[in-house]
There are 2 protein chains.
Amino acid sequence: MVTVNHNYLRLPGSYLFSTIGKKVRAYKELNPDKEVISLGIGDVTQPLVPAIIEALHNAVEEMAHAETFHGYAPDLGYEFLRNAIAKNDYQDRGCDIKADEIFVSDGAKSDSGNIQEIFGTDNKVAVCDPVYPVYVDTNVMAGRTGEYNTARENFDGVIYMPCSKENGFLPELPKEVPDLIYLCFPNNPTGSAITRDELQKWVDYANKNGCVIIYDAAYEAYISQDNVPHSIYECEGARTCAIELRSFSKNAGFTGVRLGFTVIPDELVRDGVSLHSLWARRHGTKFNGAPYIVQKAGEAVYSEAGKAQLKEQVGYYMRNAKLIHDELEKAGFSVSGGVNAPYIWLETPDKMTSWQFFDYLLKEANVVGTPGSGFGAHGEGFFRLTAFGTYENTRKAIDRIKSL
Amino acid sequence: MVTVNHNYLRLPGSYLFSTIGKKVRAYKELNPDKEVISLGIGDVTQPLVPAIIEALHNAVEEMAHAETFHGYAPDLGYEFLRNAIAKNDYQDRGCDIKADEIFVSDGAKSDSGNIQEIFGTDNKVAVCDPVYPVYVDTNVMAGRTGEYNTARENFDGVIYMPCSKENGFLPELPKEVPDLIYLCFPNNPTGSAITRDELQKWVDYANKNGCVIIYDAAYEAYISQDNVPHSIYECEGARTCAIELRSFSKNAGFTGVRLGFTVIPDELVRDGVSLHSLWARRHGTKFNGAPYIVQKAGEAVYSEAGKAQLKEQVGYYMRNAKLIHDELEKAGFSVSGGVNAPYIWLETPDKMTSWQFFDYLLKEANVVGTPGSGFGAHGEGFFRLTAFGTYENTRKAIDRIKSL
């Protein structure tokens, strides 16, 4: 008798962004004349920069000729890309990471969902609350949690680390020691950043207690302050306790191009087993490499031209972030984030729930954001706006919100 | 205390093709003057056809401009591609499959590895022996098998269906009823094909016993005989028992481009749950879509120009298949496959083991093939050659083998 994976049935009906998509489509169908602006899902709007376009065209041309055609990619990703990553993202920042410790993938969403597969189902997971839903949902699917607790609005058996206005949206070291700790800095959804000294405390805690930190640094390109680390490997001892996930989606506009990578240092051993070897086995068995043309596009991100053009693109989005942050603050909203991250975290006015504010904004201002409660119980009463729109639309959306 | 996924430790040390790669690299390092020809891993050698190259360039250009830029793709894949698939691969062949039943992915290897995640770990799995290693390995990783049995050279708790010379390399209906049945036709590695009438028996068996067939049709483009089905949905009743996996790797040379899809009909319900809804939840949570430019390339596969050019490309490889098959048969080898598939399945001479023949061919003829025993215990004494080389190299490799 075929059985399904019953863990799936514990999950809420649909993925957060699918729900938002449906609500927006329904509104647009009923109000075809309204111009709806989305500052909701973290999708970029600026085109790929010229250095990347050129690399893509060149790689496509290579695929047109037998002598330069590329079939299956090497398991870990092409060396040209892993070398560029190791040098630019790590060694140039003083982080001791080698190319062979880097696994190229089709994006950080896949990696952050798949990474839990190499661990036993008896590990205790800690996440921030609010949190990017993929970390929790994939652990639910794997059976690493209990049932959904409707009273607490979260899953039994998970250690939730509240990120609230009181603690500046930074989690505190958990009293009950977890096995796997998911951290994302600069943070999605709150836009908060952690200093190097504060992150060092997490690394020390993990090493002392034998935990593994799964560190999502997808938004590191948006860091503007010096004391904020771009990588967890800037902290001493991180090589023995941390896996780092990175994305090209937000620093290079690759949301529709799909490229990311995971770093697992050689020294990271748990339960007597090298985590690098386990991930290599998974990567080699359940994945078949990112497209050659996409890996060439990734290489161009690290070219001199690419770096200069992308610095400008990130600057464009950060101008939006500053606009949203400053204008809404001036208008009397309680806002945070937006300084080292492309996300602005907003307290809903008049004690509205997050979804009430979502409906209100959609209806009254035709602006789409993301309800904070969709990221966890402690996101209730908050709302996420993203800086990834065009400047014109962002300006217009903020003016509409202010005029409410 | 962090535990790793101990199921991984049951697996043989490395993925088959990684082992072959290492052996070949070692031989080349010791013998830099030898020209080694690979008819081993099923990687293609012909460049992408002009219609696909044009589509790629156009899509890259779209990504260069804000008005035509594409970010995150829809969960199931772009409609333009799903419509083209539904029409060309299914409706035009009389198969009742809708675009909404198609999930676009980054390739059939990922899908064939991931599909088991939506099922409970208590399901009994049946596979052919020999078999594509991913089906078994991913079920081992998920804990759906017992330990590796060194005497039998396979995993406890799996139903292996021998494919031998005696049964024409076609499995027989298993006496112990499995839950999940993996079938791949045209077959990798044996190159055997199943007739529509024979496949109908499997569909009837699955419907009668409540099994789910996971049908891998990655090689359907190589079918040359009329009574061989291109899709399991050509059989009556398949919509209530079968999931179909498809790839663009072999029909369009996308091994380095990465595109595939999975079909799950709406009616496919087990354990009271729609499998379509479960896969949609997985796809939406652990994957973020195939690249836009790659999906546009996939669309071009179905254009008039694309179809004509790819027919020629498949014909090129099938000329290789015929050459390998006919010449080795003339030379006294016992061979099968190669008529509806790009694989030729060869009995090793002089009762050599598969790996002995591998080492012998590598050393004496500088030709790389794949040891049959790497695909399972019943592959012992057999050897796989692929038709994906260039015609010149294939010719040369066969001449070398014949002259031994």
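Residue numbers run consecutively from 1 along every chain, following the written order of its sequence. To label them, take the chains in the order written and letter them from A, then take the ligands in the order written and number them from 1. Given that the model is predicted, a residue must reach a pLDDT of at least 70 before its local features are reported, and side-chain atom pairs must reach 80 or more before they are shown or counted; all residues, however, enter totals for whole chains, interfaces and linings. The side-chain quantities take in all heavy atoms of the structure and omit both hydrogens and water.

Draft legend 1. Spatial organisation of the overall build of chain A. Strands are runs of DSSP state E lasting at least 2 residues, helices are runs of H or I lasting at least 4, and numbering of each runs from the N terminus. Secondary structure summary: chain A contains 11 helices and 17 strands in total. Taking 2.2 N^0.38 as the reference for a compact globule, 404 residues should give roughly 22 Å; the C-alpha atoms of chain A span a radius of gyration of 21 Å, in line with that estimate. Each of the three principal axes of chain A carries a C-alpha extent, and together these read 60 × 55 × 50 Å. Type-normalised accessible area, obtained with a 1.4 Å probe on protein chains alone, sets the label of each residue: buried when under 20%, exposed when over 50%, and partly exposed for intermediate values. Residues counted as buried form 64% of the 404 residues belonging to chain A. For this measure, only C-alpha atoms enter the radius of gyration; the expected value for a globule follows 2.2 Å times N^0.38, where N is the number of residues.

Draft legend 2. Region of interest: the UniProt feature "binding site: pyridoxal 5'-phosphate" (unreviewed entry) in chain A. UniProt positions are given in the numbering used here, feature names are shortened, and annotations may be inferred rather than shown by experiment. The UniProt record annotates "binding site: pyridoxal 5'-phosphate" (unreviewed entry) at Tyr 72, Ala 108, Lys 109, Tyr 132, Asn 188, Tyr 219, Ser 247, Phe 248, Ser 249, Arg 258 and Asn 288 of chain A. Taking the farthest pair of C-alpha atoms as the criterion, the annotated set spanning 217 residues is dispersed, since that pair is 33.7 Å apart. Tracing the chain through its elements places Tyr 72 of chain A in the loop between helix H2 (50-62) and helix H3 (79-90). Should any heavy atoms of two residues lie within 4.5 Å, those residues are considered in contact. The contact partners of Tyr 72 of chain A, leaving out residues within four places of it in the chain, are Tyr 78 and Asn 288 of chain A together with Ile 41, Gly 42, Asp 43, Lys 250, Thr 255, Gly 256 and Arg 258 of chain B.

Draft legend 3. Local environment of the relation of the copies chain B and chain A. Overlaid copies result from least-squares superposition on C-alpha atoms, with residues included only where pLDDT is at least 70 in both. It takes a turn of 180° to lay chain B on chain A, together with a shift of 0.0 Å along the axis; the resulting RMSD is 0.0 Å. Both chain copies can therefore be described as sitting about a two-fold axis. Nearest to the rotation axis, the C-alpha of His 57 of chain B is located 3.1 Å from it, this being the minimum over chain B. Taken together, the interface assignments show that 100% of the residues at the interface of chain B recur at the interface of chain A, consistent with an identical surface on both copies.

Draft legend 4. Inspection of the interface of chain B and chain A at higher detail. With 81 residues of chain B in contact, the opposing surface of chain A contributes 81 residues. In short, buried area is how much 1.4 Å probe accessible area vanishes from two parts on joining, totalled over both. With both chains or domains summed, chain B and chain A bury close to 6400 Å², and 58% of this area falls on carbon and sulfur atoms. Summed over the three residues of chain B that lose the most area to chain A, namely Val 2, Tyr 72 and Arg 281 of chain B, the buried surface amounts to 13% of that side. Should a side-chain nitrogen of Lys or Arg be within 4 Å of a carboxyl oxygen of Asp or Glu, the pair is scored as a salt bridge. Run the count over chain B and chain A and you get four salt bridges. The residue Lys 286 of chain B makes a salt bridge to Glu 117 of chain A at a minimum N-O spacing of 2.6 Å. Here a polar contact is taken to be a pair of N or O atoms separated by no more than 3.5 Å, where protein atoms must pair a possible hydrogen donor with a possible acceptor and residues adjacent in sequence count only if both atoms sit in side chains. Taken together, the connections running from chain B to chain A amount to 37 residue pairs in polar contact (both at pLDDT 80 or more).

Draft legend 5. Just the packing of aromatic side chains, in detail. All names here are of chain A. Only centres within 6.5 Å qualify two rings of Phe, Tyr or Trp (six-membered ring in Trp) as a pair; their planes then separate them into stacked at under 30 degrees, edge-to-face at over 60, and tilted for everything else. What the rule picks out here adds up to 48 aromatic pairs over all chains. Ring centres of Tyr 343 and Phe 388 lie 6.2 Å apart, and the angle between their planes is 85°; this geometry places the pair in the edge-to-face category. In this pair, Tyr 343 is assigned in strand E14 (residues 343-347) and Phe 388 in the loop between strand E17 (382-386) and helix H11 (391-402), connecting sequence segments 45 residues apart. Of the two residues examined, Tyr 343 and Phe 388, each falls in the buried class. Among the aromatic residues, those joined into a ring-pair cluster are Tyr 90, Tyr 233, Phe 248, Phe 254, Phe 261 and Tyr 302. Whether a charge sits over a ring depends on NZ of Lys or CZ of Arg being within 6 Å of the ring centre and within 35 degrees of the ring normal. Above the ring of Tyr 391, the side-chain terminus of Arg 319 is found at 3.8 Å from the ring centroid.

Draft legend 6. Structural view of the packing of helix H9 (residues 304-330) of chain B against helix H11 (residues 391-402) of chain B. All names here are of chain B. Here, axes are lines fitted to C-alpha atoms. For helices the fit covers the stretch in contact, and angles between N-to-C directions go from 0 to 180 degrees. Viewed as axis vectors pointing N to C, H9 and H11 meet at an angle of 10°, and their least axial separation amounts to 10 Å. Overall, the two elements H9 and H11 adopt an arrangement that is roughly parallel. Contact residues: Tyr 316, Arg 319, Asn 320, Leu 323, Ile 324, Glu 327 and Leu 328 in H9; Tyr 391, Glu 392, Thr 394, Arg 395, Ile 398, Ile 401 and Lys 402 in H11. By residue class, the composition of the contact of H9 with H11 is seven nonpolar, two polar and five charged. The scheme is simple: roughly parallel for angles under 35 degrees, roughly antiparallel for over 145, roughly perpendicular for 65 to 115, oblique for anything else. In this classification, Asp, Glu, Lys and Arg are treated as charged, Ala, Val, Leu, Ile, Met, Phe, Trp, Tyr, Cys and Pro as nonpolar, and every other residue, Gly included, as polar.

Draft legend 7. Seen up close, the sheet that holds strand E3 (residues 125-129) of chain B. Residue and element names in this part refer to chain B. Strands were regarded as paired on the criterion that DSSP finds at least two bridges between them. Taken in spatial order, the seven strands of this open sheet run E2-E10-E9-E8-E7-E3-E6, and their pairing is mixed. The open sheet has two edge strands with one neighbour each: strand E2 (102-105) and strand E6 (158-162). Within this sheet the neighbouring strands show an average axis-to-axis angle of 20°, counted without direction. As defined by bridge partners, strand E9 (residues 242-247) adjoins strand E10 (residues 260-263) across four bridges and the pair is classed as antiparallel. Residue Arg 246 lies in a different strand from E10, and its bridge partner there is Phe 261. This element, helix H3 (residues 79-90), spans E2, E9 and E10 of the sheet and lies at about 115° to E2.

Draft legend 8. Examining helix H2 (residues 50-62) of chain B more closely. The span expected for a helix works out to 1.5 Å for each residue beyond the first. Between its terminal C-alpha atoms H2 of chain B stretches 18 Å, which fits the 18 Å expected from 13 residues at 1.5 Å a residue. All of the buried residues along H2 of chain B are Ala 51, Ile 52, Ile 53, Ala 55, Leu 56, His 57, Ala 59, Val 60 and Glu 62 of chain B. Where H2 of chain B is buried, its residues meet H2 and helix H8 (292-300) of chain A together with helix H8 (292-301) and H9 of chain B.

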